[in-house]
Amino acid sequence: MKKSLIEIAFMSEKRKKVLLLLQDGPLKMGSILKALDTNRQGLLPQIKILEDYHLIIKKDDQCSLTTIGEMVVKQMSPLLGIVAVLDNDIDYWGSRELSFIPPGLLDRFCELGPCTVIEPDIADLYEMNRDFSENIRASKSMNMVTTFLYPDFFTLFADYLEHGVEISMVLSKELAHKISTDYRDEFKGLMKRGRVNMFVSRLEMPFLSVAYSDHCIFLRLLKKKLVFDSKQLMCCSPCALAWGKDFFNNYLEHSAPMGDI
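Even after reading the chapter, I still don't get the overall build of the chain, so can you show me in this structure?
Looking only at helices and strands, one finds 12 helices and 11 strands in the chain. The globule rule puts the C-alpha radius of gyration for 261 residues at 18 Å, and the 24 Å found for the chain is more than 25% above it. Considering only C-alpha atoms, the chain reaches an extent of 75 × 35 × 35 Å along its principal axes. Per-residue burial for the chain yields a buried fraction of 44% across its 261 residues.

I would appreciate a short explanation of the sheet that holds strand β1 (residues 27-28) in the present structure.
The strands that make up a sheet pair up through hydrogen bonds in the backbone, lying either parallel or antiparallel. The sheet built from three strands is open, its strands ordered β1-β3-β2 with antiparallel pairing. One side of each edge strand has no neighbouring strand; the edge strands of this open sheet are β1 and β2 (56-59). Bridge count between β2 and strand β3 (residues 62-65): four bridges; the pairing is antiparallel. Looking at β3, one finds that I57 is bridged to S64.

What is the right way to look at the packing of helix α3 (residues 29-36) against helix α4 (residues 40-52) in this model?
Between two packed helices, what matters for the description is the angle formed by their axes and the separation of those axes. One way to put it is that α3 packs onto α4 with a least axis distance of 11 Å and a crossing angle of 110°. Taken together, the axis directions place α3 and α4 in an arrangement best described as roughly perpendicular. Residues M29, I32, L33 and L36 of α3 touch α4, and the partners they reach there are R40, L43, L44 and I47. Broken down by class, the residue content of the contact of α3 with α4 amounts to seven nonpolar, no polar and one charged.

Explain the pairing of strand β9 (residues 217-220) here, please?
One face of the sheet, then the other: side chains in a regular strand alternate in exactly this way. Taking every second residue as pointing to the same face, both faces of β9 are buried, with I217 and L219 on one and F218 and R220 on the other. Judged from the four bridges that link them, strand β8 (residues 209-212) and β9 form a sheet pairing that is antiparallel. Across the sheet, A211 pairs through a bridge with F218, a residue of β9. In sequence, β8 turns back onto β9 through a hairpin of four residues. The pairing of β9 with strand β10 (residues 232-235) spans three bridges and is classified as antiparallel.

Teacher, can you tell me more about the pattern of salt bridges here?
If the charged atoms of two oppositely charged side chains come close together, the side chains can form a pair. Considering all chains together, one arrives at 12 salt bridges under this definition. Linking R137 and D159 is a salt bridge whose minimum nitrogen-to-oxygen distance equals 2.3 Å. With a gap of 22 residues between them, R137 in helix α8 (residues 130-137) and D159 in helix α9 (residues 153-162) connect regions that are remote in the sequence. The class of R137 is partly exposed, set by a relative accessible area of 23%. For E162, the salt bridge identified is with R193, shortest N-O distance 3.5 Å. Of the two residues, E162 is situated in helix α9 and R193 in the loop between α11 (184-192) and β7 (196-201); the sequence distance between them amounts to 31 residues. Exposure remark for E162: the relative accessible area of 62% places this residue in the exposed category. Here the salt bridges share partners, and the residues they tie into one network are R108, E111 and D246.

Explain the packing of aromatic side chains to me, please; I cannot follow it from the model alone.
The geometry of two aromatic rings is summed up by the distance between their centres and the angle between their planes. Enumeration according to the criterion identifies 15 aromatic pairs in this entry. Each ring, one from F153 and one from F157, has its centre 6.3 Å from the other, and the planes form 65°; the classification is edge-to-face. Separated by four residues within a single helix, F153 and F157 lie in helix α9, roughly one turn from each other. The exposure classification of F153 matches that of F157, with both residues buried. Members of the aromatic cluster, each reached through a chain of ring pairs, are F100, F207, W243, F247 and Y251.

Thresholds applied
- Residues numbered from 1 in each chain as written.
- Predicted model: local features only at pLDDT ≥ 70, side-chain atom pairs only at ≥ 80, totals over all residues.
- Heavy atoms only, no water.
- Helix = DSSP H or I, 4+ residues; strand = E, 2+ residues; numbered from the N terminus.
- Rg over C-alpha atoms; globule rule 2.2 N^0.38 Å.
- Buried < 20%, exposed > 50% of the residue type's maximum accessible area, 1.4 Å probe, protein only.
- Pairing = 2+ DSSP bridges.
- Axes fitted to C-alpha atoms, helices over the stretch in contact; angles between N-to-C directions.
- Parallel < 35°, antiparallel > 145°, perpendicular 65-115°, else oblique.
- Contact = heavy atoms within 4.5 Å.
- Nonpolar A, V, L, I, M, F, W, Y, C, P; charged D, E, K, R; others polar.
- Salt bridge = Lys/Arg side-chain N within 4 Å of Asp/Glu carboxyl O.
- Phe/Tyr/Trp six-rings, centres within 6.5 Å; stacked < 30°, edge-to-face > 60°.

Right under this line is the structure:
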């Protein structure tokens, strides 16, 4: 009985890696053997299976994807990327509220990996993560979509401005109101220094914050049913930064300038 293409593509690490290697074009057997750190005796049976299922073609010691193989591999890479992100900490992702992520960015979820899940000590719950804060100081800009402020926000932001960082913030309606009523003088002082841009979102924001610097994206998400959780997530790949930038711009497009405080 013939196996399914899913089994052929995913149930063998060697077959899976061969298909992924060939997505960038044909390769000689020697290059494939070197990339997989294996020998012909171990690889040839898997090559034969891929040929039998019309996923690759082998000619003159060179392998390439068939049209069917190209279709399959085109869908494999995003799926494997998503699985890699989730496998990093499936309990974390499985318990998060993720419905706020726009469909287009949800399709690009694989771009977040690899990420580090951070569980701060009790003493650090109300402070900006030190590693991310250092990333901000070494950046030209920091962009944040947020529903809350750290208690020491004034000291933090003043320090970032001293380091030449431009700050752009998309605020929830509730936070914008709180700033206007409770922190008017503090933010007036920051605004006078320049390089601070503030906007108010028209979208619902069922998360704590999503921020990115020139180097990393930092997420503080809520658990399902909007239950608070102290765990934080930091992702520092170029793809994650692109994802974070597009996430911020999506909220920016649905925001209005805060105007005078």
